[in-house]
Structure formats: C-alpha cells, structure tokens
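Observations on the model geometry
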Amino acid sequence: MSNTRFALVSVLIAAICFAAVAPTLTWLEFSSGSENLVTEAVLEMRRGGPWLIPTLAGAPRTSKPPLPAWICATFVRPQSVAALADRGAAREAAYRRLAWEVRWPALVFACLTLIAGAWLGRALLADNAGGIATAIMMASSVIWLRFGRSMTTDVQLALWVTIANAFFVVGILKKRPWLAATCGGAALGLALMSKGPVALAQTTLPLLAFVAWRRWGMKKPIAVHWPAVIVAAVVALGIALPWPIVAATHLPGQARMWFREVALGGAKNDAYDPPWMYLAFLPLLLPWAGLFVLGLVGLWREKSDRAVLAIALTLVPIVVMCCFTEKNDRYLLPMVAPGAVIAAAGFITVGNHRELNPLRGVVMVFTWGFLVILALGLPLAGGLFLRNTAGTTWWPIAHGASAAAVLLAIVAIAWRLDSSGRRTLLPAGAIVMLLTNAMMIHGYARSERGRSDGKPISDAIVAAMPADTPVWIYAEPGRFSRSPVDTVIYLDRIVVPVTDLSTLASDRPVAVMVHCRAGQTLPAALTNWRVIGTMPKNQGLWHICVPPAPPAPPAPPTSGL
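A short tour of the structure in this document, coming up.

Reading guide: rules and limits
By convention here, each chain's residues receive numbers from 1 onward along its written sequence. Local features in this predicted model are restricted to residues of pLDDT 70 or higher, and side-chain atom pairs are both shown and tallied only at a pLDDT of 80 or more, whereas totals for entire chains, interfaces and linings draw on every residue. Excluded from the side-chain calculations are hydrogens and water; all other atoms, namely the structure's heavy atoms, are used. Take the buried Ala, Val, Leu, Ile, Met, Phe, Trp, Tyr and Cys residues and link them wherever side-chain atoms come within 4.5 Å; each set so joined is a nonpolar core. In this scheme, a residue with accessible area under 20% of its type's maximum is buried, one over 50% is exposed, and one in between is partly exposed, where area comes from a 1.4 Å probe on protein chains only. The secondary structure listing takes helices from DSSP runs of H or I that are at least 4 residues long and strands from runs of E that are at least 2 residues long, numbered from the N terminus. Two residues form a contact once any of their heavy atoms are found within 4.5 Å. Any Phe, Tyr or Trp ring, taking Trp's six-membered ring, that has another such ring centre within 6.5 Å forms a pair; planes under 30 degrees apart are called stacked, those over 60 apart edge-to-face, and the others tilted. Two limits define a charge over a ring: the Lys NZ or Arg CZ must be within 6 Å of the ring centre, and within 35 degrees of the ring normal. Should DSSP find at least two bridges between two strands, the strands are regarded as paired. Between N-to-C directions, angles cover 0 to 180 degrees, with each direction set by a line fitted to C-alpha atoms, over the stretch in contact for helices. In the sections that follow, a salt bridge refers to a side-chain nitrogen of Lys or Arg positioned within 4 Å of a carboxyl oxygen of Asp or Glu. In this description, a disulfide is simply a cysteine sulfur pair whose atoms lie within 2.5 Å. Orientation labels follow simple angle bins: below 35 degrees gives roughly parallel, above 145 gives roughly antiparallel, 65 to 115 gives roughly perpendicular, and whatever is left gives oblique. Side-chain classes follow a simple rule in which Ala, Val, Leu, Ile, Met, Phe, Trp, Tyr, Cys and Pro form the nonpolar group, Asp, Glu, Lys and Arg form the charged group, and the remainder, Gly included, forms the polar group.

Nonpolar side chains in soluble globular proteins generally cluster together in the buried interior. Grouped together as the largest cluster of nonpolar side chains are 111 residues, with contacts concentrated most on Leu-120, Leu-124, Met-137, Trp-144, Leu-291, Leu-332 and Leu-425. Among the elements that take part in this core, helix α8 (residues 153-173) stands out by supplying twelve residues, more than any other. Residues contacting Leu-332, with those up to four places away along its chain left out, are Ile-143, Tyr-278, Ala-280, Phe-281, Leu-284, Ile-318 and Met-321.

Dropping the structure here:
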C-alpha cells in the first residue's frame, strides 16, 4: 500500500469516528472536572480576561500550560459566550452551543491521534495492515470513546505525544534522524505546552530505556545521532520554554510552585493513589484487552527493536506515572496508541509464533464473547435497570430489545462470515463499540450521575436574582474556599472568596455560597440570611444565601377624618 493510499485510509477511519461521535457532544452537561477547568478558563478569556496567562476564578491558572485553553478559546465564539446571559430556554440552548464549540475541536484532536497512531503502528510493525488495525482498535477502545470527546489537557497531550513518538520511531528504525529531530522535536514542544514535563516520560524516557536495552541487554549499542538529538531538544525547548519564562518572571514564587508540584506529582494535599490503579489500562483497552496481552507476549518473545520500542512506549510511562501521588484513568490516554500497536501485533503477527496459537484461541473467544455480552447487556440493562433522573428506565424495554437484536445480528453475521476473526472482527467490534457508545451517552446524560450537580444551584441563582448579581463564596477555616467549577460555568460569572460580609456592596443584590459538611451549620455571619437553594456536593451541602429582606416601609399615616 502506498503512503498516499495508507494516509487516505487512516483519514477515512478518523472521519467515520468523528461522524459517529460528534452528534453526542452536546448531550452531556459540563460535569467533568478536568474539562470544566479548561472551559472556565476559556470563558474568562472570552469575557475579557488575559490570554497570555489565563485565569481561573480571577487568579492566574499556571498549574498547567495554556495551549489547550488557547486552542479551545480560538473556537469558542464571543457571541456564544454573550448568549449565556440569556434566561429560560435560550440559556439552555446557549450552553448546548457552548458544549459543541468546546468539544468538537477536542474530538478533532482525538481523531487526528488515530491518524498518528496508524502511522506509529505502521512504523513499529512494518506492516500496513498493522497500522490500520492500530487506528481501528484505538477508535473502538473504551479509553478513546470515554475520554476522546472532552476538552482536556490529556486529549491534546495524547495527540502531540503520539505524533512525536511516530517521528522518533521513524528516525530510529528508518535512519531518518533529521526528520525525527525537526518534526518530532516540534511535536514534543507542543506536548510540553499541553501538560508540562509528563510529556518527557511518555516520549524521551521510553527511548532512553530502548537505548539502555540495546547497550546492556542485547550488547549491541545503538549509534546515537547526537547532532539530531541536540536539534530536537532545541526545537522542543524553543516552543515550550518561552511561556514558562514569562510566567515565572511575572508571578513571584511561580517557579517554586512548579517544582513542588512536579516533585510531589500533584497538589500536596492529594491523597496517595495506589500503583495498581493503572491496571485499569487493560479494561480501558476493551474489547481488545485480550489481543493486547497476546501481542505483549509475542513481542516479548520476539525481542526485536520494533517489539521493544512498542513495549517501552506503552509500559515505561505507566511505570513512571505509578511513582507519583495522583493517578487518574484519563492520564493513560497518551498510551492508547502504543497499546493499540501491541494489540494489533497480537491480531496481525501472532502467526509468527505458532506456540501461541492456543492462547490466541482463548483470546479470540474472549473478544467475541465480550462483544456478545455488550451487544445484549447494555440495551437490556438500559430498558430494565438503569434509571434516569425522572425514575424511569433509560429507554423502553422494547427499544432495548430491538437494539440488542440489531447489535447481536451484527456480531453473529461477522462470526458467520469468518469465525477466525481475521477479516471481520475489527469492523464488527468497531461498529458495536461506536453504536453502544452512543446509546451509553444517551442514557447516561439523563441519569443522576450524568448531570452536572453544580447546575441546579446555578439555576436557582439565575431564576431568583437579577442578571449579573455578584456571587461570592464565604470562606472560613474548615470550609471550601472556592466554588465548584461547574457551578461557576453555569453562573457565567467569577465567584471569588469573601471572609467579611460587611465588605459586600449593600446597594445591590448579592448572593453568597457556603459549604457545610456533615454536622456543620451555617456560619453565624449568615444566620439571618435567606437560603434560596441547596445542593449536595463535596461530601456535604452547598447553600446559596441572600441578605434578609429589608423591613417593609411604614404605612402612611391616615387622616383623622
């Protein structure tokens, strides 16, 4: 297959996935913490806040580089932000438009990652079919479908890391150091501007592990092209360093904060997450988890340069990330491309290891079985057990049974045409995963957990108070000092802390948020205030308080006639 034809096929896969996922982008409210942080920073930028160093709740947001916020803000129209001040149905429509404008660029980035993953698979497996299989497996994996639709730093990090690794692999295996240095270095610089030094653990450290394996494991040291390495470093740092330098020179103590965050792997008050949390990588690769295990075994036995590079790009970053305090499933997204390459190796090249055929048989049964369970389980569960906020099932059981019949027919026809799965497993798996993903989002969006639990209290403020009413958060020891970000998004205004209510303007309406944990009561300073809304969140209750109603004016005196 020529380069042009391979590129067209990979673009077609990405386009199909975009078309399958795009209609669902407005179904979910802003309920994801990681996406909400980017969205609120973008809203503040679009309302006139600074772009060079974006703010969150009015304070500089420097915990993450600003590239994701810059890109997102570019595609959010000022008219859409202005429309958030509307009320009633117009307000709801404005937030749906905002969801579309925030998320479709994220989905484009995720789809571009599929194209980059296809080229990475082609380079590592030296096989066109392996590259196409990599893209299909990425697009139909749980992790891509779950996280690829949200505007988070991890989506953009995954794209730039995958592009960088594709160029670095080509540079190593095909002896094209200057291509790797220029293009790979630029992608690495953009990855650093997306989420910071973690990009090095997902690109540079795996390559260092590969060099070490060649030197001490295989006793065949690889010739490092040091001029190209220096150029790659210069290009990457030329892109990544200017913004941190500007931020560090403008904000006192910023460099110390960054050092502390990198050293601790998160905020100092974050609880330690155990390393085995990242075993979630396997279920997140479903339905291809079995093929990943098969490919891992086959590549480990092979021990070629390509095999070790694929394993290192997948496992080395996960091992490094296990050493830090904070761990999250979405942090695994940049490893989905090399993980899919390993799964594609299990699907495409396992024939080179005849002794693994028994394991392959077990894996194929597991994969087909998972698709059958999913095809039956989700539609029926949504019609029988899963409930929405109204207390009814996600959909009528008749609709669920019909969907289950269609999905099961797809699996059965694919199995009947080719029970070995060599030709039909990938397309059948992709179709089932894309369809069930749409069904899942449709039902989940109407469930309690799929809703933003910060939106109702925002709705209460908007309904009860005049437009642009200042909203504050009452901060005192033992209580939250900042508002939930989803509440701020739906309020369409900045919420800043206040410790002295007497400082608030008395000539216009105001509202104050306060959080009460179990056993806590309203602060004494708010005892006489009226509560106009309450929201369970953060292991307690958020209350919205407004000043007590002013006393009624005295009645006019009556005449003595």
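This paragraph deals with the environment of Glu-92. Looking at where Glu-92 falls in the secondary structure, it is placed in helix α5 (residues 89-125). For the pair Glu-92 and Tyr-490, spaced 398 residues apart in sequence, the C-alpha separation works out to 9.8 Å.

A separate point is the packing of aromatic side chains. Summed over all chains, the structure comprises eleven aromatic pairs. Residues Phe-109 and Trp-160 carry aromatic rings whose centres are separated by 6.2 Å and whose planes lie at 75° to one another, so their mutual orientation is edge-to-face. Placement of the pair is Phe-109 in helix α5 and Trp-160 in helix α8, with a sequence separation of 51 residues. What makes Phe-109 buried here is its relative accessible area of 11%. Classification of Trp-160 by relative accessible area gives buried; the value is 15%. A network of ring pairs unites the aromatic residues Phe-30, Tyr-95 and Tyr-490 as a single cluster. Over the ring of Phe-30 we find Arg-103, and its NZ or CZ is 4.9 Å from the ring centre.

A sheet is described by the order of its strands in space; here five strands give the open sequence β4-β3-β5-β7-β6, paired in mixed fashion. With partners counted over all chains shown, the strands left at the sheet margins are β4 (496-498) and β6 (530-536), one partner each. Pairs of neighbouring strands in the sheet enclose a mean axial angle of 35°, with direction left out of account. Packing of helix α21 (residues 455-464) onto the sheet brings it into contact with β3 (471-474), β6 and β7 (540-546), and relative to β6 it is tilted by some 155°.

Moving on to the pattern of salt bridges. Under the counting rule described, the total for this entry stands at 16 salt bridges. With a closest N to O distance of 2.8 Å, Asp-305 and Arg-214 form a salt bridge. One end of the pair, Asp-305, is in helix α16 (residues 305-321); the other, Arg-214, is in helix α10 (residues 198-217), with 91 residues separating them in the sequence. Between Glu-476 and Arg-479 there is a salt bridge whose closest N-O contact spans 2.6 Å. One salt-bridge network, in which partners are shared between bridges, spans Arg-91, Glu-92, Lys-455 and Asp-459.

This part takes up the state of the cysteines. Counted according to the given criterion, the structure contains zero disulfides. The closest cysteine sulfur to the non-disulfide-bonded Cys-322 is located on Cys-323, 6.8 Å from its own sulfur. With no disulfide of its own, Cys-516 lies closest to Cys-545 among cysteine sulfurs, the gap being 7.8 Å. Cys-516 gets classed as buried once you look at its relative accessible area, which sits at 5%.

The subject of this paragraph is the packing of helix α2 (residues 33-46) against α5. Closest axis-to-axis distance for the α2/α5 pair is 12 Å, and the angle between their directions is 110°. Taken together, the axes of α2 and α5 are roughly perpendicular relative to one another. Across the interface between the two elements, Glu-35, Thr-39 and Leu-43 from α2 touch Leu-98, Val-102 and Arg-103 from α5. By residue class, the composition of the contact of α2 with α5 is three nonpolar, one polar and two charged.

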